[in-house]
Amino acid sequence: MSLPLPTWLKPASDSVVADNIKLGKWPWMDAVHLFWTVWVFITPMFGGGYTLRWTLITLWSYPLFLLLYALVLLTPRRRAPVFALAMVVLSLALLPIYPSGINYFIFGCVMLRTNRAIGIRRYLVEVLVLNVVFVTMAMWIGYPRSAIAWVPLLAIIIGIIVNVERASSEKDAALRLSHEEVRRLAATAERERIGRDLHDLLGHTLSLITLKMELSRKLFERDPERSRRELSEAEQIARDALAQVRSAVTGFRAADLAAELASAHLLLESSHVHLRYSPPPPMPAWIEAGLAMVLREAATNIARHAQANEAMIAIQSDTVAVVMEVVDDGRGFVSKSGNGLAGMRERVMALGGTLDIESPRGQGTRLTVRIPIVQPAVSSAAGGVAVNCGASKQGARA
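The shown structure was predicted, so the numbers you read here are calculated from the model rather than taken from an experiment. (Residues numbered from 1 in each chain as written. Predicted model: local features only at pLDDT ≥ 70, side-chain atom pairs only at ≥ 80, totals over all residues. Heavy atoms only, no water.)

J.: Please give an account of the overall build of the protein chain that cites residues and values.
T.: When you go through the protein chain residue by residue, the secondary structure sums to 13 helices and five strands. For the protein chain, the proportion of its 398 residues judged to be buried stands at 34%. In the protein chain, of all internal contacts separated by at least 6 residues, the share reaching a separation of at least 24 is 66%. (Helix = DSSP H or I, 4+ residues; strand = E, 2+ residues; numbered from the N terminus. Buried < 20%, exposed > 50% of the residue type's maximum accessible area, 1.4 Å probe, protein only. Contact = heavy atoms within 4.5 Å.)

J.: Before we move on, could you go through the pattern of salt bridges and cite the residues and values that matter?
T.: Enumeration over the complete set of coordinates arrives at eight salt bridges. Between glutamate 235 and arginine 239 there is a salt bridge whose closest N-O contact spans 2.8 Å. Of this pair, glutamate 235 and arginine 239 both sit in helix H9 (residues 224-253), four residues apart, which is roughly one turn of that helix. Its relative accessible area of 42% is what places glutamate 235 among the partly exposed residues. Notably, a salt bridge pairs arginine 296 with glutamate 260, separated by 2.9 Å at the nearest N-O pair. Here arginine 296 is found in helix H11 (residues 285-306), whereas its partner glutamate 260 is found in helix H10 (residues 257-270), with 36 residues between them in sequence. For glutamate 260, a relative accessible area of 8% corresponds to the buried category. Counted as one network, the salt bridges with shared partners bring together Lys212, Arg226, Glu230 and Glu233. (Salt bridge = Lys/Arg side-chain N within 4 Å of Asp/Glu carboxyl O.)

J.: Which residues make up the packing of helix H4 (residues 80-94) against helix H6 (residues 120-141), and what are the values?
T.: Relative orientation of the contacting elements H4 and H6 amounts to 10°, with a least axis distance of 11 Å. With respect to H6, the element H4 is oriented roughly parallel. Residues Leu85, Val88 and Leu92 of H4 form the contact with H6, whose participating residues are Leu130, Val133, Phe134 and Met137. A per-class count over the contact of H4 with H6 returns seven nonpolar, no polar and no charged. (Axes fitted to C-alpha atoms, helices over the stretch in contact; angles between N-to-C directions. Parallel < 35°, antiparallel > 145°, perpendicular 65-115°, else oblique. Nonpolar A, V, L, I, M, F, W, Y, C, P; charged D, E, K, R; others polar.)

J.: Describe in detail a nonpolar patch on the surface, supporting the description with residues and values.
T.: Where nonpolar side chains cluster on the molecular surface, the patch consists of Trp36, Val38, Trp39, Met45, Phe46 and Tyr50 and spans about 740 Å² of accessible area. Secondary-structure assignment places methionine 45 in the loop between helix H2 (38-42) and helix H3 (52-74). (Patch = residues over 30% accessible without salt bridge, like charges linked within 9 Å, V, L, I, M, F, W, Y side chains within 5 Å. Areas by Shrake-Rupley, 256 points an atom, 1.4 Å probe, with all protein chains shown as cover.)

J.: Hey, could you go over the side chain of serine 91 for me, with residue numbers and the actual values?
T.: Topologically, serine 91 is positioned in helix H4. Among the polar contacts made by the side chain of serine 91, one reaches the main-chain carbonyl oxygen of glycine 101 at a distance of 2.7 Å. Contacts of serine 91, omitting those with residues within four sequence positions, involve Gly101, Ile102, Tyr104 and Phe105. (Polar contact = N/O pair within 3.5 Å; in protein donor to acceptor, adjacent residues only side chain to side chain.)

J.: Please provide a residue-by-residue account of the nonpolar core, values included.
T.: Membership of the largest hydrophobic core comes to 43 residues, with the highest contact counts inside it found for Phe65, Met87, Tyr104, Phe105 and Phe134. Contributing elements (two or more residues each) for this core: helix H1 (16-22), H3, H4, helix H5 (102-110), H6 and helix H8 (150-219). Dropping the residues within four chain positions of it, tyrosine 104 is found in contact with Val40, Ser61, Tyr62, Phe65, Met87, Leu90, Ser91, Leu94 and Tyr98. With 32 residues, the next largest nonpolar core counts Leu275, Leu291, Leu341 and Val369 among its residues. (Core = buried A, V, L, I, M, F, W, Y, C linked by side-chain atoms within 4.5 Å.)

J.: Any details on the pairing of strand E2 (residues 310-317)? Residues and values, ideally.
T.: On a regular strand, one side chain projects to one face of the sheet and the next to the other, so that they alternate. The sheet contact formed by strand E1 (residues 274-277) and E2 spans four bridges and is parallel. Following the sheet pairing, arginine 276 is matched in E2 by methionine 312. Viewed along the sheet, the connection from E1 through H11 into E2 turns out left-handed. Relative to strand E3 (residues 321-328), E2 runs antiparallel, the two being bridged by seven bridges. Note on E3: the bridge partner recorded for serine 317 is valine 322. The turn joining E2 and E3, which pair antiparallel and follow one another in sequence, is formed by three residues. (Pairing = 2+ DSSP bridges. Right-handed = clockwise from strand over helix to strand, strands pointing away.)

J.: How would you sum up the confidence of the model for the protein chain? Please name residues and give values.
T.: Averaged over every residue, the pLDDT of the protein chain is 79; the share at 70 or more is 80%. Of all helices and strands in the protein chain, the one with the weakest mean pLDDT is helix H13 (residues 377-397) (40), whereas E3 scores best (94). Every residue in residues 1-5 scores below 50 in pLDDT, and together they form one contact with partners more than four places removed in sequence or on other chains. Note on residues 378-398: pLDDT under 50 across the span, and three contacts to partners over four residues away in sequence or across chains. (pLDDT = per-residue confidence, 0-100.)

J.: For H6, give the residues involved together with the corresponding values.
T.: Between its first and last C-alpha, H6 extends 31 Å over 22 residues, near the 32 Å set by a 1.5 Å rise per residue. For H6, every residue scored as buried is listed here: Tyr123, Glu126, Val127, Leu130, Asn131, Phe134 and Ala138. Looking down the long axis of H6, one finds its buried residues gathered within 130° of arc, a one-sided arrangement. Exposed side chains of H6 directed beyond 90 degrees from the buried face belong to Arg121, Val132 and Trp140. After H6 finishes, the residue glycine 142 shows a positive phi value of roughly 115°. (Expected span 1.5 Å × (residues − 1). Arc of directions from axis to C-beta.)

J.: Give me unusual backbone geometry: which residues, what numbers.
T.: Backbone geometry at glutamine 307 places phi at a positive 55°, although glycine is not the residue there. One can find glutamine 307 in the loop between H11 and E2. Exposure remark for glutamine 307: the relative accessible area of 61% places this residue in the exposed category.

J.: Give me the environment of arginine 366: which residues, what numbers.
T.: Counting through the fold element by element, arginine 366 comes out in strand E5 (residues 365-372). Put simply, arginine 366 and glycine 332 are 34 residues apart on the chain and 8.9 Å apart in space, counted from C-alpha to C-alpha. Aside from chain neighbours lying at most four places away, what touches arginine 366 is Glu325, Val326, Val327, Asp356, Ile357 and Glu358. A polar contact is formed between the side chain of arginine 366 and the side chain of glutamate 325, at a distance of 3.2 Å.

Here you go:
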């Protein structure tokens with residue numbers, strides 16, 4: 001069993017550790033920067049040596065530094081700079097007797113902006129002020145200029161690099177969250193549209209059927225002929241409503257190719273793959289629905305497996321066929337028997353088309369889908385069977 005953390009060591013809701021957890025990252029991934037503290041133990045090699053005093057100071061100052069580092073990552077956004085400044089104060093206090101403490105100063109400067117919503121200009125001003133204080137104290141103590149000249153430069157350069165990377169990571173996280181929000185809002189809007197369509201489609205029809213059935217019940221004994229006529233009309237209305245519902249459901253299930261292109265763009269851009277594409281040309285609805293599903297699978301394969309930097313989707317249509325090309329500059333050597341490609345091939349064959357794949361090793365992948373405009377005979381035959389079955393059922397009912 002793991003021991004519970006003290007209250008003051010639990011991450012605040014707006015801390016660096018909490019942000020990492022929200023993004024699905026390892027909570028302590030920022031601890032990788034602690035590898036730079038190796039200089040605490042290397043500095044005596046350049047002067048002074050490993051004395052008893054150095055050992056005793058290291059034994060209490062290094063754990064204290066680690067605690068301050070952890071608190072910067074665990075505490076709320078408004079309090080984190082206090083512990084970064086504490087690192088700077090620790091370094092300045094040890095400066096006369098402990099040169100290894102200069103490393104604490106650099107860490108304090110770098111982490112001063114951690115989890116703070118301030119601009120890079122203000123951060124640089126703060127770091128410059130701290131470095132002026134450090135250089136002044138070091139020169140007053142008697143440190144050689146050559147030994148301290150590198151400290152301000154190193155603190156500023158590492159601070160800029162680390163904080164620019166953090167800002168970029170935060171923007172990427174915000175972009176992914178915005179993509180998820182767009183998808184969620186789109187799904188909500190689609191559900192609302194389907195609800196409105198079904199209400200408009202079925203509300204009046206079901207009310208009319210209910211009235212017809214009530215009227216038939218009332219006329220059952222007084223006017224049997226009219227009662228049967230009302231029942232027949234109610235049955236016909238129900239059949240018409242069923243046909244309309246089936247048509248509407250088919251429309252709901254049919255994917256829109258333009259929407260799928262936009263979704264592929266979001267998916268690939270969030271995977272750091274630049275996608276080039278143009279709006280799809282007009283084409284029959286049954287081809288558009290099939291191509292949309294093939295495109296979804298192709299974009300997913302690029303994002304997961306291709307390791308590409310760029311991708312391109314081109315769709316052309318004429319009076320003979322619709323052709324879609326999906327090209328990427330990834331690692332290539334795609335297995336043509338993979339589950340994803342097998343599913344795409346089955347979809348294309350169901351549309352009466354062909355799917356060609358060119359995927360030389362290390363030269364990317366080109367996927368070409370060609371679907372003739374004439375609807376495949378399989379679909380017509382299936383439709384005929386459905387019609388015949390429907391006719392048989394009606395005959396049986398009659």
